[in-house]
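Fold and geometry: a report
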Amino acid sequence: MISERRLAILNLIIEHYIQTGEPMGSKTLCRLLPYSVSSATVRNEMAYLSELGYLEQRHTSGGRVPSKASYRYYIDSLMVPEDISNYDKQMIDEALAVNSGDPERLLSDAAKLLAQYTHCIGFCCAIEDPLDCIQGVDLIPAGKSKAMLVMLTMGSKIKSSLINIPCALDDEFRFLFYEVVQRLFIGTGLTEVNLSLVQRCVLIAGERIFDLLPILTSLCSLCAEASQSRLTLEGETNILSHEELGSEVYKILSFLADKERMIDFSATFAESNVQRTMFIGNENPLFELKNTSTVISKFTYGNNQSATLGIIGSTRINYKRIIPCVEYIFNKADSLLTANH
């Protein structure tokens with residue numbers, strides 16, 4: 001069991017390092033402790049905490065800095081979270097309400113807020129659903145020879161595309177389009193919408209298939225896009241200011257640029273029994289993120305759709321300010337997803 005004095009020393013060293021990035025020596029600790037104690041005693045206590053694996057000494061004559069393991073102890077046992085201001089709560093609520101009816105845009109907005117309020121990388125990932133299918137398709141006139149194609153899936157995904165139409169968008173043409181969509185596309189799985197299905201439209205459209213072709217081709221593209229997992233990153237440049245990462249920051253950015261492994265990580269987490277968690281340092285299952293603190297939460301909405309949302313920053317982030325803010329954004333996003341779907 002760690003004594004009260006040792007806990008006070010550990011807490012001071014961690015919070016000093018989070019604020020300044022500098023090690024703390026015994027003399028500074030003596031001035032900050034609320035009771036009188038000698039430098040020799042403090043050095044002994046620091047040595048004990050180092051033996052436990054909570055402190056590190058970069059130079060022989062230098063002060064101590066927290067280890068990655070100490071951040072976990074700090075969060076679980078020492079940290080006093082800061083309250084979020086009512087103003088910030090209102091700003092977050094208003095920003096998330098804008099696209100509350102569109103889950104993917106809502107999650108993307110949440111990732112932007114996470115990046116903005118934490119100065120870390122915010123991310124969200126909509127996980128692919130092999131069973132998702134088309135619920136509705138609409139064709140909206142958008143000026144001369146143009147139309148907006150809008151598709152809604154059973155999984156609450158909304159996709160749209162602006163198309164050039166080679167003919168007049170009159171009632172006859174729209175009636176034909178909706179007949180084709182109703183007979184061949186509504187209720188069809190996203191992965192089953194392909195050029196082979198488009199060829200079957202000839203039986204209904206006849207010679208007018210050439211007029212419909214741009215729209216049907218675009219519908220195939222929208223289905224292909226909606227059927228895949230989608231990772232969105234926000235605030236990647238924020239991590240450049242995390243000086244303690246050094247050259248590691250470029251490895252992290254290179255890893256995230258690839259996206260596929262981060263998508264796999266998100267999909268695996270979404271299938272786990274854990275709702276939300278924080279990986280600190282070596283707790284991270286991804287080698288490339290071993291020098292980061294990664295917070296991730298999963299969400300379920302609509303027709304059993306799943307997604308993840310989180311942040312990636314250095315292990316030296318301001319936990320007592322950031323964690324309450326992240327939790328608030330997570331909870332607000334979850335409540336909106338649940339309320340609207």
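Residue positions are given per chain, counting from 1 as you read along its sequence in written order. Note on the predicted model: pLDDT of at least 70 is required for a residue's local features to be given, and 80 or more for side-chain atom pairs to be given and counted; whole-chain, interface and lining totals, by contrast, use all residues. Hydrogens and waters are ignored; side-chain quantities use all the structure's heavy atoms.

Strand order across the open sheet formed by 3 strands is β4-β5-β6, with antiparallel pairing between neighbours. In this open sheet, the two edge strands, each paired with only one partner strand, are β4 (134–141) and β6 (158–164). The sheet shows a mean angle of 20° between the axes of neighbouring strands, direction not considered. Strand pairing requires that DSSP identify at least two bridges connecting the strands. Secondary structure elements are defined from DSSP: runs of H or I of at least 4 residues count as helices, runs of E of at least 2 residues count as strands, and each element is numbered from the N terminus. To get an axis, fit a line to the C-alpha atoms, keeping to the stretch in contact for a helix; angles then go from 0 to 180 degrees between the N-to-C directions.

This part covers the nonpolar core. For our purposes a nonpolar core is just a set of buried Ala, Val, Leu, Ile, Met, Phe, Trp, Tyr and Cys residues, chained together by side-chain atoms within 4.5 Å. The classification of residues rests on relative accessible area computed with a 1.4 Å probe and restricted to protein chains. Under 20% of the type maximum is buried, over 50% is exposed, and intermediate values are partly exposed. If you look at the biggest cluster of nonpolar residues, it comprises 54 residues, and the most contacted ones within it are I9, V42, Y74, I75, L107, L309 and Y319. Looking at which element gives the most residues to this core, the answer is helix α13 (residues 319–340), with 10 residues. Any pair of residues with heavy atoms lying within 4.5 Å of one another is described as a contacting pair. Beyond its immediate sequence surroundings of up to four residues, Y319 is in contact with I18, Y71, Y74, I75, M79, M278, I280, S293, S314 and P324. Judged by nonpolar contacts, the second largest core, of 32 residues, contains L139, L190, V193 and I204.

Attention now goes to the side chain of S293. Mapped onto the elements, S293 comes out in strand β9 (residues 292–301). Here a polar contact means two N or O atoms within 3.5 Å. Within protein one must be a hydrogen donor candidate and the other an acceptor candidate, and residues neighboring in sequence count only if both atoms are side-chain atoms. A polar contact of 2.7 Å, which involves the side chain of S293, links it to the side chain of Y319. The contacts of S293, once residues within four sequence positions are left out, are F279, I280, I311, I312, G313, S314, T315, I317 and Y319.

Across a sheet, paired strands are connected by hydrogen bonds in the backbone, their directions being either parallel or antiparallel. Spatially, β7-β3-β10-β9-β8 is the arrangement adopted by the 5 strands of the open sheet, whose pairing is antiparallel. The outermost strands of the open sheet, each flanked by one partner alone, are β7 (230–234) and β8 (276–280). Across the sheet, the axes of successive neighbouring strands diverge by a mean angle of 15°, strand direction being ignored. With 5 bridges connecting them, strand β3 (residues 121–126) and β7 associate as antiparallel partners. Among the inter-strand pairings, C125 is bridged to a residue of β7, identified as L231.

Moving on to the packing of aromatic side chains. Each Phe, Tyr or Trp ring (for Trp, its six-membered ring) is paired with any other whose centre lies within 6.5 Å, and the angle between the two planes then decides the class: stacked below 30 degrees, edge-to-face above 60, tilted in between. On inspection of all chains with the given rule, the structure shows 5 aromatic pairs. Here the basic side chain of R6 rests over the ring of Y48, its NZ or CZ set 3.7 Å away from the ring centre. Sitting over the face of the ring of Y17, R316 holds its NZ or CZ atom 5.7 Å from the ring centroid. Think of it as a cone above the ring: NZ of Lys or CZ of Arg counts as a charge over the ring if it is within 6 Å of the ring centre and within 35 degrees of the ring normal.

Another aspect to go through is the layout of surface pockets. Put simply, the grid is 1 Å and covers the protein atoms alone, a cavity is a trapped set of points that fit a 1.4 Å probe, a pocket is an open set with protein on both sides within 12 Å along at least five of seven lines, and lining residues have an atom within 4 Å of a point. Grid points are joined across faces, edges and corners, and a volume is the space filled by probe spheres set on the points. As a volume, the largest pocket reaches approximately 310 Å³. In terms of lining residues, the largest pocket is bounded by 21 residues, among which I127, E128, D129, N304 and S306 are the most central. Those elements giving two or more residues to the lining of the largest pocket turn out to be α12 (260–271), β9 and β10 (305–314). With 5 residues, the single largest contributor to the lining of the largest pocket is α12. Charged means Asp, Glu, Lys or Arg here, nonpolar means Ala, Val, Leu, Ile, Met, Phe, Trp, Tyr, Cys or Pro, and polar covers whatever is left, Gly included. Taken together, the residues that form the lining of the largest pocket break down as 9 nonpolar, 6 polar and 6 charged.

This paragraph deals with the environment of A147. With respect to the helices and strands, the residue A147 is situated in strand β5 (residues 146–153). The spatial distance from the C-alpha of A147 to the C-alpha of I209 is 17 Å, given a sequence separation of 62 residues.

Running from N to C, helix α5 (residues 86–97) and helix α6 (residues 103–118) cross one another at 150°; their axes reach a closest spacing of 9 Å. Considering their axes alone, α5 and α6 lie roughly antiparallel with respect to each other. Note on packing geometry: the crossing formed by α5 with α6 is right-handed. Seen from α5, the contacting residues are D88, M91, I92, A95 and L96; seen from α6, they are L106, D109, A110, L113 and Y117. For the contact of α5 with α6, the class distribution of residues is 8 nonpolar, no polar and 2 charged. An angle below 35 degrees is treated as roughly parallel, one above 145 as roughly antiparallel, one from 65 to 115 as roughly perpendicular, and anything else as oblique. Each crossing is labelled by how the near helix is turned from the far one, with a counterclockwise turn of less than a right angle marking it left-handed and a clockwise turn marking it right-handed.

Right, let's get into helix α1 (residues 4–20). With 17 residues, α1 extends 24 Å from end C-alpha to end C-alpha; this agrees with the ideal 24 Å at 1.5 Å per step. Downstream of α1 by a residue or two, G21 has a phi angle that is positive, lying close to 75°. Expected span of a helix: the number of residues minus one, times 1.5 Å.

In short, geometric facts, not functional conclusions.
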